[in-house]
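Spelled out from the first residue to the last, the chains are:
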Amino acid sequence: VYIEADTVATAQPIESSTYGSEKVWPTDINRMHMDSISPVDSTGSQASITANNVTSESGNIGNCLRFNGSSSYINLGAAILPLGDFTQSIWFAPDDLVGIEGLMGNWVSAQVGRTYLGINATQLNWDGYATASNTGGTTITALAWQKFTVTRTGSTARRYLNGVQVGADITDAGVPNTSFNTFIGALGQGGSNFFDGLLGDNYLTNVYKNGNSLLSEYNNQSSPSSFWTTGAWEDQDASITII
């Protein structure tokens, strides 16, 4: 959240400046709010993002993007896979629960060295750097907002739904293959396993977040009484009003 107050309207800082997004989120690899059909990475790291056949709708936190299940995807323009510890998270609301649908990640055929978050029918699915088809743990719900998060610390990976761990710990000590770009809303480099539904706020960071942190994050974002979005502020005489 940026809050700025002065008596003369000033421009937002550029990404690389002292208070720019690159300095605010120095450990984040990617952070997207999905609030327009031309989504941007707020960290400033990914500058070659392209979106195909997505539409904007009102979401659970501001706006979100609708993916049509057949041709919608976002190409992040790079592999963006972390070498060590990480936390990867995305809000999703599926229209249907049929087959494998990609949420966010890097996946090519059966090769290892990729990581992606997806759904497999009514369950969560994650493929790691050295493991595949980590499906199960709980049942997800169609037409409802949910938050899927995967963490890795050392060689231990864990999956979370709405801030609560699902399934057993996964041992994954592999390293990433950075030969392929990361996609949102599809797998197979934007050519297969398309997601059908809504996708919202998502991020990938080099920081491992534990279960308590993830549950707190989910609760803060899912309770309308504890968060809000702000638009532009106006200078009104001697006082500043945040609108």
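Refer to the structure presented above.
Bear in mind the structure is a predicted one, so any value in this text is a computation, not a measurement.

Visitor: Honestly, the sheet that holds strand β10 (residues 134-135) in this entry has me stumped. Any pointers?
Guide: To summarise the sheet geometry, strands pair through backbone hydrogen bonds and adopt either a parallel or an antiparallel arrangement. Read across the open sheet, the 7 strands follow the order β2-β5-β14-β7-β8-β9-β10; overall the sheet is antiparallel. Here the strands that pair on one side only, and so sit at the sheet edges, are β2 (50-52) and β10. The sheet contact formed by strand β8 (residues 116-120) and strand β9 (residues 123-127) spans 5 bridges and is antiparallel. By the bridge assignment for β9, I119 is matched with L124.

Visitor: I tried to follow the packing of aromatic side chains on my own but got confused; where do I start?
Guide: The geometry of an aromatic ring pair comes down to the distance between the two centres and the angle between the two planes. All told, the structure shown has 4 aromatic pairs when counted by the stated rule. Ring geometry for F86 against Y129: centres 6.1 Å apart, planes inclined by 50 degrees, an arrangement best described as tilted. Taken together, the residues span a long stretch of sequence, with F86 in strand β6 (residues 86-94) and Y129 in the loop between β9 and β10 at a distance of 43 residues. Ring plane angle 25 degrees and centroid distance 5.6 Å describe the contact between W91 and Y218, whose orientation is recorded as stacked. In this pair, W91 sits in strand β6 while Y218 sits in helix α2 (residues 211-222), placing the two residues 127 residues apart along the sequence.

Visitor: Explanation requested: the environment of A78 in the structure shown.
Guide: For A78, the location among the structural elements is in the loop between β5 (73-75) and β6. By relative accessible area, A78 is classed as partly exposed at 26%. Spatially, the C-alpha atoms of A78 and T178 are 8.0 Å apart, while their sequence positions differ by 100 residues. Apart from the residues lying within four places of it in its own chain, the contact partners of A78 are F180, N181 and T182.

Visitor: Where do I start with the pattern of salt bridges in this structure?
Guide: A pair can form between side chains of opposite charge whenever their charged atoms are brought close. One pass over the full model with this rule turns up 8 salt bridges. Between R114 and D127 there is a salt bridge, and its shortest N-O distance comes to 3.0 Å. In this pair, R114 is assigned in the loop between β7 (100-105) and β8 and D127 in strand β9, connecting sequence segments 13 residues apart. Here D127 falls in the buried class, since its relative accessible area comes to 3%. For R152, the salt bridge identified is with D172, shortest N-O distance 3.5 Å. Linking R152 in strand β11 (residues 146-153) with D172 in the loop between β13 (164-171) and β14 (183-184), this pair joins segments that are 20 residues apart in sequence. There is no split in this pair, since R152 and D172 are both buried.

Rules used throughout
- Residues numbered from 1 in each chain as written.
- Predicted model: local features only at pLDDT ≥ 70, side-chain atom pairs only at ≥ 80, totals over all residues.
- Heavy atoms only, no water.
- Pairing = 2+ DSSP bridges.
- Helix = DSSP H or I, 4+ residues; strand = E, 2+ residues; numbered from the N terminus.
- Phe/Tyr/Trp six-rings, centres within 6.5 Å; stacked < 30°, edge-to-face > 60°.
- Buried < 20%, exposed > 50% of the residue type's maximum accessible area, 1.4 Å probe, protein only.
- Contact = heavy atoms within 4.5 Å.
- Salt bridge = Lys/Arg side-chain N within 4 Å of Asp/Glu carboxyl O.

Keep in mind these numbers describe shape, not what the thing actually does.
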